[in-house]
Structures are given as structure tokens and as C-alpha cells.
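# Fold and contact review
Listed here are the chains, written in short residue letters.
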Amino acid sequence: MTTTEAMDEALIQSTLPKGLPERTLGWYLLYWASKYLRQPDGPDAGKPFMFTPEQTRLVLWWYAVDENGRFLFNSGVIRRMKGWGKDPFAAALCLLELAAPTQFSHFDEKGNPIGRPHPAPWIQVAAVSRDQTKNTFTLFPTMMSAELINDYGLEPRKEIIHKRGGGRIEAVTSAPRSLEGGRSHFVVLNETQFWLENNNGHEMRNAIQGNTAKGRGGSFRYLSICNAHRPGEDSVAELDYEAFQELMSEDSLRDKSKFKFFYDAVEAPPGTDLTDYESLKRGIIAARGDATWLDVDRLVEEVMDPRTIPSEARRKYLNQIVAAEDAWLTPQQWDAICNPLLKLRPDDKITLGFDGSRSGDHTALCACRVEDGAIFLLNVWNPENYPDGKVPTEEVDKAVRRVFNTYDVVAFRADVREFEAYIDKWSADYRKTLEINACPGNLIAYDMRSKGKREFLIDCERFESAVIEKEVQHDGNRLLRRHVLSARRRPSETYDLVGIGKESRMSKNKIDAAVTAVLAFGARQEYLKSKRNKKKGLAIF
């Protein structure tokens, strides 16, 4: 198979139309780049900068305009494999935005759009760590020709580039409040697969999105560059991918003509076999596109090295979005049972699951409706959201009591750790309401630390099976999704059963809501088997 044939097998995920745009500022910008920019490294270092044909197409569409001169796209994502050249590409766009005619001016007599430089260019390279902005900023000195520096009066420094007469490129990291209200007209969001809620990535993207929305005529824009994300981390890259999927879905209720979202990704074919040399080589060639500087044979060796984790190899070198090998459930399995129309109604008969932590982990309360097994995450308390770093236990107590006052709670399993006193109080107050015990001798207390908790392991396997067989549903709660997809399979040392746990003890990816879903589901299953339920005739599945 030839290189061209392998590239033709690539899986393209894109909002871009086929062919080239009718109107674009991009043609002149390509010429400008070849005149003023230089190749930053490799055997052609110092020579005029040339976009590859694949990159050329992206530039032409990114700078495409409609019949009124407005950009076709307000925001964008370029997802490519590691080593494709995302940072040099982004750096080139930043320099274009600083000095080249990237803003629409008028149409000439032939109807071609003509650009003008931005009168007060302000470009930001944003990331959640300083090291990520360095990836782009270290390229600027070698990409700027002497002509560019002299003609436009550029003053390159370590983390900022000034332009004569006003204008700059600057690096910004995870400080969302400092971004609020800014008027940067072009922002690069670097490595958004690492932009998470717990490192301020979500807040940063929201601030940037709000800032760019203020530009006149849609002239303020932002572009994300990323590798394939890890499912379940709820990264900005994952959120963007889900937005892309919704946009492209035939069932989407959105007006696609109003959704000006530029998304472009090239993946290896889905059937690429990591253990087969020829299949893997074709897959890498397909994913790299025309980034011919990548050494395919060396990448094949890296992927086939037994020390390389297969899911990471697919993510980095094939640009594929795949779950970890020890993932409890995959995004596809969890999303397949999502029903956003599900609502928990007052007086519904439910069972509860509770996992408490005063600091460190989250505290979560989850319900499972007895009638249909629907899962609802009712409350989550993150200790990081409170000044003293501790979950307000009185607030938790009030929330539990509101649930009992609103719904018909027939069973309740609560891990006793750090909430023993409250659990004892709940047991005393609701002994006439609850119809079955959480475990022998305990109405609510369910000690997760006990090695004898074989029942919880069984419930983990039952819950997993119920999800796969589509015997339960959920309402699409994003935090519950994140916790479920962060859960890892953990074989028991005592029983031939598989439970769940975090990916590592110190991981910031929490699973507490997933644990409460299992507890609530297990309580429901136990209730359905109970004598009290048999009198009412509800079936177990």
C-alpha cells in the first residue's frame, strides 16, 4: 500500500465543507507568511515558512468570510497526533494576527475579499501551565525574519512580543480572573486536553469565550489545538468534541447554520491493529497526514514497545479517542443510557446512596428510582469550594432531610466514614420510613472499609452489567458522568470479583458520585428482592 492510499484511509472528523472556500483572506496570508516567516527547525530551518497542503486548507477555511465579510467561524479546534506541528502552526497564526492583514476590509472589483491589519492587535497564547506556553513562545525568535522585525518594529521577549505603534503577543496561564474583561482579538488555547475543571481550565475557556464574543462584526476569535483527549476527564477538548458530535448528529435540534464552529481532526482507521506491523504503519501514516517529517518506523517501534500503554499510544500517535484499558465503563456505554428527559418526581419511590468525606474527596448523594432503575445525582459537595477546605456537614444533613421530605425513600446505604454521628441520627429519625436494612443489623450504615463487603463488589458488577445491557438510565448529569468514567476496575484480593477505584491514590479525578450510584442501585436491587416489595409486585432485573 502506498503512502497516498494509507492517507486516504484516515478517519476525518470535520465541520469544514469539502473543497476550498469561495471567499477567503487566506490566499494573501499564505504569501505573507512565506515572505516574512521562517522555518523554525529541521533541515529547512531558516528558509521561508511554507504551510503543508493540509495546513493550507485549514488556513483558507479559518480566514474564510461570507458575502458580508464576516468570518465563517468564530471559534475552532484543530486536533492532530503528537508531532504533527500544532505549535509551529499556531505560532504562525499568531504572527499573522500581529502584523498581517487578517481583518476584512472590503471586496475588490472582482469580488475578492481584501484584508487589513488589526489596528490594535492583542494576541494571547493561553495554557494551564507555563511549560505549555513555552512550547509556542520558544518558536517565535526562529520564525521571525529580520524583515519582519524591521518592517513592523517587533520587540521579542521571553513571554511577550511588542509591535511598534501598539500591539502584542503574550503568554497567559491559569488565572481566569485576570482574563475577565480582556479585549484580545485572537487567542490560542494550547493543549486543551489538559484543561480540566480542577486546574481552572473550564473557567479560563469561559473567560476567553466571553471576551472574544465582544468583538465587533465577529472579529474576535479563538482557536484550540490539542491531541486526542482521555474520555471522562471532562477536559475542554472533550467538551469541544462533544459539541462537534452534537452539531454533526442528525438528531441535533440546533440550527447548524448559526453554529459557527471550526472543528477538524484526522484519525487512524478504527480497525488499526497495534500488534500488526503493517496495520500500525498504515494507521500512523493516515493520522500524520502530510506531516512527512515524522519518522513512521520510529513511531511504530515506540507503539510496539511493551512499556507503551496501548490506550496512550492510540491517543498520541493515532489521534484516536479511547478509554483506558482498566476503565470500568466506556463513554459509549454510559452515554447510550442517557435520557435527558428523565425527571425525579415528588413522592417517587427511591433508594439512596451516600459517600461522605469532610475534606479531600467529594461528598455525594445519589438516588435510584425503584420503578425503572433511573439514576439521579442529587447533591455533590466539593471541599475545595469552601473557605476552610471542608464540606459543611450541617448543609449535607439538611440536604438528606429534604430528600426524605420530598420522596418516598425505602432504602438507604451510606458509607460510615467521617459521617458516623449523622448516619446514626438519620437511622433513628427514619427508622419508620425505611423498609429494609443497608446490611444486617444496620438500617443505613454501610461500612465500605470492611473487607467483608463482598456485596459492594457484586453490586459493582451488577451495575456494570445493567449499564451495558441498557437496563438502567440516567439524566445526563455531567459530574456523574465524569466520576463514572474516571472509575477503574479493581479486582478483589479476597473474592473473584471486580470493584471500582480511582486510577491512583493521589489522583485528582474523583469517583465518589459513581460509588453512590452503585450504593443506590444495590439498595434498589435488595429492596426488589425483599418481602416488603414482593407484596407490591415490582419485578427485579
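Just above, that's the structure.
What this report covers is the structure whose coordinates are included nearby. For clarity, every value in this text was computed on a predicted model and none was experimentally measured. (Residues numbered from 1 in each chain as written. Predicted model: local features only at pLDDT ≥ 70, side-chain atom pairs only at ≥ 80, totals over all residues. Heavy atoms only, no water.)

Time to look at the overall build of the protein. Along the protein, the regular secondary structure elements total 20 helices and 17 strands. Split into buried and exposed, the 541 residues of the protein put 55% on the buried side. Contacts in the protein between residues at least 24 apart in sequence constitute 70% of all its contacts with a sequence separation of at least 6. A distance of 4 Å separates the average location of the 76 positive side-chain charges in the protein from that of its 78 negative side-chain charges. (Helix = DSSP H or I, 4+ residues; strand = E, 2+ residues; numbered from the N terminus. Buried < 20%, exposed > 50% of the residue type's maximum accessible area, 1.4 Å probe, protein only. Contact = heavy atoms within 4.5 Å. Lys, Arg positive; Asp, Glu negative; His and termini not counted. Charge placed at Lys NZ, Arg CZ, Asp CG, Glu CD.)

All right, on to helix H12 (residues 296–304) then. Of all the residues in H12, the buried ones are Val-296, Leu-299, Val-300 and Val-303. Projected onto a plane normal to the axis of H12, the buried residues spread over an arc of 105° and lie on a single side. Where H12 is buried, its residues touch helix H11 (277–288) and helix H13 (310–317). Of the residues flanking the start of H12, the one acting as N-cap is Asp-295, its side-chain oxygen 3.2 Å from the backbone nitrogen of Asp-297. (Arc of directions from axis to C-beta. Polar contact = N/O pair within 3.5 Å; in protein donor to acceptor, adjacent residues only side chain to side chain.)

Two side chains bearing opposite charge may form a pair once their charged atoms approach each other closely. Taken as a whole, this structure holds 43 salt bridges when the rule is applied. With its nearest N and O atoms 3.0 Å apart, the salt bridge here joins Asp-348 to Arg-369. In this pair, Asp-348 is assigned in the loop between helix H14 (331–335) and strand S12 (349–355) and Arg-369 in strand S13 (residues 363–369), connecting sequence segments 21 residues apart. Summarising the burial analysis for this pair, Asp-348 and Arg-369 share the class buried. (Salt bridge = Lys/Arg side-chain N within 4 Å of Asp/Glu carboxyl O.)

Below, the discussion takes up the sheet that holds strand S5 (residues 122–126). Across the sheet, nine strands lie side by side as S1-S11-S2-S10-S9-S5-S8-S7-S6; this open sheet has mixed pairing. Single-partner strands in this sheet number two, and they are strand S1 (11–14) and strand S6 (154–156). Neighbour-to-neighbour, the strand axes of this sheet turn through a mean angle of 15°, independent of strand direction. Across the sheet, helix H5 (residues 130–137) lies against S5, strand S7 (160–163), strand S8 (168–172) and strand S9 (186–190), angled at about 150° from S8, the strand it touches most. Packing against the sheet, helix H10 (residues 236–248) makes contact with S1, strand S2 (75–79), strand S10 (221–226) and strand S11 (261–267), and its axis sits at approximately 100° to S11. (Pairing = 2+ DSSP bridges. Axes fitted to C-alpha atoms, helices over the stretch in contact; angles between N-to-C directions.)

The tally for this structure, following the rule as stated, stands at 27 aromatic pairs. With a centroid separation of 5.8 Å and an interplanar angle of 75°, the aromatic rings of Phe-51 and Phe-89 are classed as edge-to-face. One end of the pair, Phe-51, is in the loop between helix H2 (26–36) and helix H3 (53–62); the other, Phe-89, is in helix H4 (residues 86–99), and 38 residues separate them in sequence. Residue Phe-51 is classed as buried on the basis of its relative accessible area of 11%. For the pair Trp-84 and Phe-89, a centre-to-centre distance of 6.0 Å together with 55° between the ring planes defines the contact as tilted. Residue Phe-89 is classed as buried on the basis of its relative accessible area, which comes to 2%. Taken together, Phe-354, Phe-404, Phe-412, Phe-419, Tyr-422, Trp-426 and Tyr-430 form an aromatic cluster joined through their ring pairs. The ring of Trp-122 has Arg-168 sitting right over it, with the charged end atom 4.2 Å from the ring centre. (Phe/Tyr/Trp six-rings, centres within 6.5 Å; stacked < 30°, edge-to-face > 60°. Lys NZ or Arg CZ within 6 Å of the ring centre and 35° of its normal.)

A separate point is the sheet that holds strand S15 (residues 408–414). Judged by pairing direction, the sheet is mixed, and its four strands sit side by side in the order S14-S13-S12-S15 without closing on themselves. Each edge of the open sheet carries a strand with a single partner, namely strand S14 (375–381) and S15. With strand direction ignored, the average angle separating the axes of adjacent strands in the sheet is 20°. Packed onto the sheet, helix H15 (residues 393–406) meets S12, S13, S14 and S15 and runs at close to 155° relative to S14. The strands touched by helix H19 (residues 512–529) are S12, S13, S14 and S15; relative to S12, the strand with the most contacts, the crossing angle is about 140°.

The next point concerns H10. Compared with the 18 Å implied by 1.5 Å per residue over 13 residues, the 18 Å span of H10 between its first and last C-alpha is a close match. When we look at burial in H10, the residues that qualify are Val-236, Ala-237, Glu-238, Asp-240, Tyr-241, Glu-242, Phe-244 and Leu-247. Tucked inside the fold, the buried residues of H10 contact S1, S2, helix H9 (201–212), S10, S11 and helix H18 (478–486). (Expected span 1.5 Å × (residues − 1).)

Following both chains from N to C, one finds H11 and H12 inclined at 120°, their axes separated by 10 Å at the closest point. Between H11 and H12, the interaxial angle falls into the category oblique. Regarding H11 and H12, the two cross each other, and that crossing is right-handed. Residues Tyr-277, Leu-280, Lys-281, Ile-284, Ile-285 and Arg-288 of H11 lie in contact with H12, whose contacting residues are Val-296, Asp-297, Leu-299, Val-300, Val-303 and Met-304. (Parallel < 35°, antiparallel > 145°, perpendicular 65-115°, else oblique. Left-handed = near helix turned anticlockwise from the far one by under 90°.)

Counting 65 residues, the largest nonpolar core has Tyr-63, Leu-93, Phe-140, Ile-169 and Ile-284 as the members making the most contacts within it. For Tyr-63, the contacting residues outside a window of four places in its chain are Thr-24, Leu-25, Gly-26, Leu-29, Phe-71, Leu-93, Leu-96, Glu-97, Thr-102 and Arg-221. If you look at the next biggest cluster of nonpolar residues, it comprises 32 residues, including Ile-500, Ala-514, Val-518 and Leu-519. (Core = buried A, V, L, I, M, F, W, Y, C linked by side-chain atoms within 4.5 Å.)

Moving on, we get to the pairing of S8. Where S5 meets S8, five bridges bridge the pair, whose relative direction is parallel. Each residue of the ladder has a partner; that of Trp-122, found in S8, is Arg-168. As paired strands, S7 and S8 are joined by three bridges and run antiparallel to one another. Considered in S8, the bridge of Ile-160 is made with Glu-170. In this antiparallel pair of consecutive strands, S7 and S8, the connection spans four residues, and Gly-165 shows a positive phi of 85°.

Function cannot be inferred from these measures alone, as they are strictly geometric.
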